[in-house]
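A structural walkthrough
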Amino acid sequence: MSLPSDFLWGFATASFQIEGATKQDGRGPSIWDTFCAVPGKIAHGANGDIACDSYNRTAEDIELLKKLGSKCYRFSLSWSRIIPLGGRNDPINQKGLDHYVKFVDDLLEAGITPFITLYHWDLPDELDKRYGGLLNRTEFPLDFENYARVVFKAIPKCKNWITFNEPWCSSILAYSTGFFAPGHTSDRKKSPIGDSSREPWIAGHNLLVAHGRAVKVYREEFKPNDKGQIGITLNGDYTYPWDPEDPADVEACNRKIEFAISWFADPIYFGKYPDSMLKQLGDRLPTFTDEERGLVQGSNDFYGMNHYTADYVKHKTGTAPEDDFLGNLETMSYNKAGDCIGPETQSFWLRPNPEGFRALINWLSKRYGYPPIYVTENGTSIKGENDLPKDDILKDGFRTKYFHDYAHALADAVSKDGCNVKGYMAWSLMDNFEWAEGYETRFGCCHVDYENGQVRTPKESAKKMKPLFDSLIAKS
Ligand code: GBH
């Protein structure tokens, strides 16, 4: 057996992607409600108003998790349900808070370990309007700290906390490319506001400080009694050189991971930004004050890893353009020899490459001193899945194979390479609102019938998850 007997596995979701009920029980709007209302931003003009209606179906979702054998469940809280206006002097919405308190009670009752993400991209809209949201260096971290404290105090029974999901996306996609809310970019055809050369790096910095503030609060005010753990979840792809003989491509591979992951992980583990980023971005990368560094350095009890795919990387020559965020390189699906990184999916950025998963777990472990890692997301879409009749969607052999191969790659990283991976959460429990792609792209292990009352039906991949992990986890 390759995984320890206490290894946790389960499924993951996020509030805006599944909850719906955007106007129920006093919830305030988030930046995603606002963004969805802008014509042209979301495929088919979709929004989160109903989604999977999980806000009204918590019992059903817990039954589903139980049936699938899920040991843990990662979900996120909607900040604007709990504090509709978001700020530290704004009122708390007790109904919204109670909803999550009960949900955690019910999960524990069902024997499922909760992993709570405090922030999965749905900032209270008011904070964006009031002071520019993530771009505000003093207000945003303090408001996040307050929100975190409110939640820690109300839900002491949760022992696993994730501050931010993928700050890379909250910075780059929201403030550079403008694909995600609030949609800032330098491209004036897409947005009247934004500066892709500076804003993403400011947002990233402020997210790090906000993370550090929440961790300090948890460690000082709650951890001594509650005895939980807290960390951040970062996304990143593995990279292979387009031309393995070209040292510049080999170097660019490392640089690509640094721009995606070490941007956040280096300050957290080492107290500074990576040299490669300082070199390219210069003073566009904010400088940590001593106070900020003190908050950020050492602020992970564990590393939350979201991982889906890998790329071939080809270096670029000359000075990087001001809006570059990859590290002056390009990513490709084929290498110089003509090998393909992996089969196509419904997501242009995702091609399965399980070996890359094992390699990236090793890369992270070596760089950051073999920290405990929880894989907080891993999964795939399937090309054309949404066009199939429901019965065929349920036979998701492609996804089943993806999970099989990735779980085995993870098991090798643990049993053969000595990496310290402690849990794994598949993305996603069910089909849901896939951000700018609306409901067209499905990532669920369970099918959601959006036309017929949001009925959930396990696909083959969901049913095979328990046997898969049973075959890898040692019996206690
Ligand atoms: C996760 O991000 C999210 O956490 C989750 O909410 C989402 O549903 C899931 O993926 C499936 O998409 O070419 O610059 O546009 C995955 C990591 C990183 C994948 C950014 C898409 C786009 C790169 N994402 N990437 S870009």
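Residues numbered from 1 in each chain as written. Predicted model: local features only at pLDDT ≥ 70, side-chain atom pairs only at ≥ 80, totals over all residues. Heavy atoms only, no water.

Per an unreviewed UniProt entry, the protein carries the name beta-glucosidase and comes from Neoarthrinium moseri. Quoted verbatim from the Sequence similarities (unreviewed entry) field of UniProt, the annotation for the protein is "Belongs to the glycosyl hydrolase 1 family." (UniProt positions renumbered as here; feature names shortened; annotations may be inferred.)

Summing up its helical and strand segments, the protein has 16 helices and 13 strands in all. Over its C-alpha atoms the protein spans a radius of gyration of 21 Å, differing by no more than 12% from the 23 Å that the globule rule assigns to 476 residues. Along the first, second and third principal axes, the C-alpha atoms of the protein reach 55 × 50 × 50 Å. When burial is assessed residue by residue, the protein has 62% of its 476 residues classed as buried. The contacts of the protein with a sequence gap of at least 6 include a subset with a gap of at least 24, amounting to 77%. Accessible area for the protein stands at about 17,800 Å²; split by element, carbon and sulfur atoms hold 53% of it. (Helix = DSSP H or I, 4+ residues; strand = E, 2+ residues; numbered from the N terminus. Rg over C-alpha atoms; globule rule 2.2 N^0.38 Å. Buried < 20%, exposed > 50% of the residue type's maximum accessible area, 1.4 Å probe, protein only. Contact = heavy atoms within 4.5 Å. Areas by Shrake-Rupley, 256 points an atom, 1.4 Å probe, with all protein chains shown as cover.)

In terms of nonpolar packing, the biggest core is built from 142 residues, with Trp-32, Trp-161, Leu-410 and Phe-469 touching the most fellow members. Contact partners of Phe-469, with chain neighbours within four places excluded, come to Leu-3, Phe-7, Trp-9, Ala-407 and Tyr-424. (Core = buried A, V, L, I, M, F, W, Y, C linked by side-chain atoms within 4.5 Å.)

Our focus in this paragraph is the pairing of strand S3 (residues 113–119). The buried count for S3 comes to six of seven residues, which makes it a mostly enclosed element. The sheet contact formed by strand S2 (residues 72–76) and S3 spans five bridges and is parallel. Its bridge partner being in S3, Tyr-73 is matched across the sheet by Pro-114. As paired elements, S3 and strand S4 (residues 160–165) share four bridges and run parallel to each other. Paired with Phe-115 across the strands is Asn-160, a residue of S4. (Pairing = 2+ DSSP bridges.)

Turning to the pattern of salt bridges, a few remarks are in order. Applying the stated criterion to the full structure yields 45 salt bridges. Arg-27 is the partner of Asp-33 in a salt bridge, and the nearest nitrogen-oxygen pair spans 3.0 Å. Accessibility expressed as a relative area gives 17% for Asp-33, which makes it buried. A salt bridge links Glu-292 to Arg-137; its shortest N-O distance comes to 2.9 Å. Here the residue Glu-292 occupies a position in helix H12 (residues 290–296), and Arg-137 occupies one in the loop between helix H6 (125–131) and helix H7 (139–154), the gap between them amounting to 155 residues. When its relative accessible area of 7% is taken as the criterion, Glu-292 is described as buried. For Arg-137, a relative accessible area of 35% translates into the label partly exposed. A cluster of three or more residues bridged by salt bridges with shared partners is formed by Glu-385, Asp-396, Arg-399, Asp-431, Arg-442 and Lys-459. (Salt bridge = Lys/Arg side-chain N within 4 Å of Asp/Glu carboxyl O.)

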